[in-house]
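Listed below are the residues making up each chain.
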Amino acid sequence: MKKISLTFLFAFTLLNVNAFAVRYWPPTVLTDWNLYLNNGVAYISSPQIPGHCSYSRAQINMDGTEFNKAQYSYAMSAKARNKKLRYVIDNAQSICIITGLQEID
């Protein structure tokens, strides 16, 4: 019984930490943006990034997962073709992490 209680408490604590964080598509489309790598992290910077993101940038994690490699490739392709971007970020972090991208014509 004690083991179940500890497991429940641990799971509740993990869920509670992220209970108020919401991923969302910011209303502003990025028309003026740059993509660059710095110390193994890919960043998209733009004055149009929401104010809660530090340094007017959001990052694509480069942890080696296929999803993040695909996101980086997608961003490079969009930049090469001078496309506008929509993106998904978390509203509760100052280090904004991109979890989705969409090209806009």
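All figures in this text were calculated on a predicted structure; none of them were measured in a lab.

A. Focus on the pairing of strand S3 (residues 41-45). Of all 5 residues making up S3, 5 are buried, and the element is well covered by its neighbours. Residues Val41, Tyr43 and Ser45 of S3 are buried on one face, and the alternating residues Ala42 and Ile44, pointing to the opposite face, are buried as well. Where strand S2 (residues 34-38) folds back on S3, the antiparallel hairpin that results is connected by 2 residues, among which Asn39 adopts a positive phi of roughly 55°. Pairing of S3 with strand S4 (residues 57-60) involves 4 bridges; the strand directions are antiparallel. Looking at S4, one finds that Ser45 is bridged to Arg57.

B. Here's a closer look at the sheet that holds S2. One open sheet accounts for 4 strands, arranged S2-S3-S4-S6; its pairing is mixed. Since the sheet does not close on itself, it has two edges, and those belong to S2 and strand S6 (96-97), each with one partner. With 5 bridges connecting them, S2 and S3 associate as antiparallel partners. Each bridged residue has a counterpart across the sheet, and for Asn38 the counterpart in S3 is Val41. Packed on one face of the sheet, helix H2 (residues 66-80) meets S2, S3 and S4 and runs near 135° to S2.

About the thresholds
- Residues numbered from 1 in each chain as written.
- Predicted model: local features only at pLDDT ≥ 70, side-chain atom pairs only at ≥ 80, totals over all residues.
- Heavy atoms only, no water.
- Buried < 20%, exposed > 50% of the residue type's maximum accessible area, 1.4 Å probe, protein only.
- Helix = DSSP H or I, 4+ residues; strand = E, 2+ residues; numbered from the N terminus.
- Pairing = 2+ DSSP bridges.
- Contact = heavy atoms within 4.5 Å.
- Axes fitted to C-alpha atoms, helices over the stretch in contact; angles between N-to-C directions.

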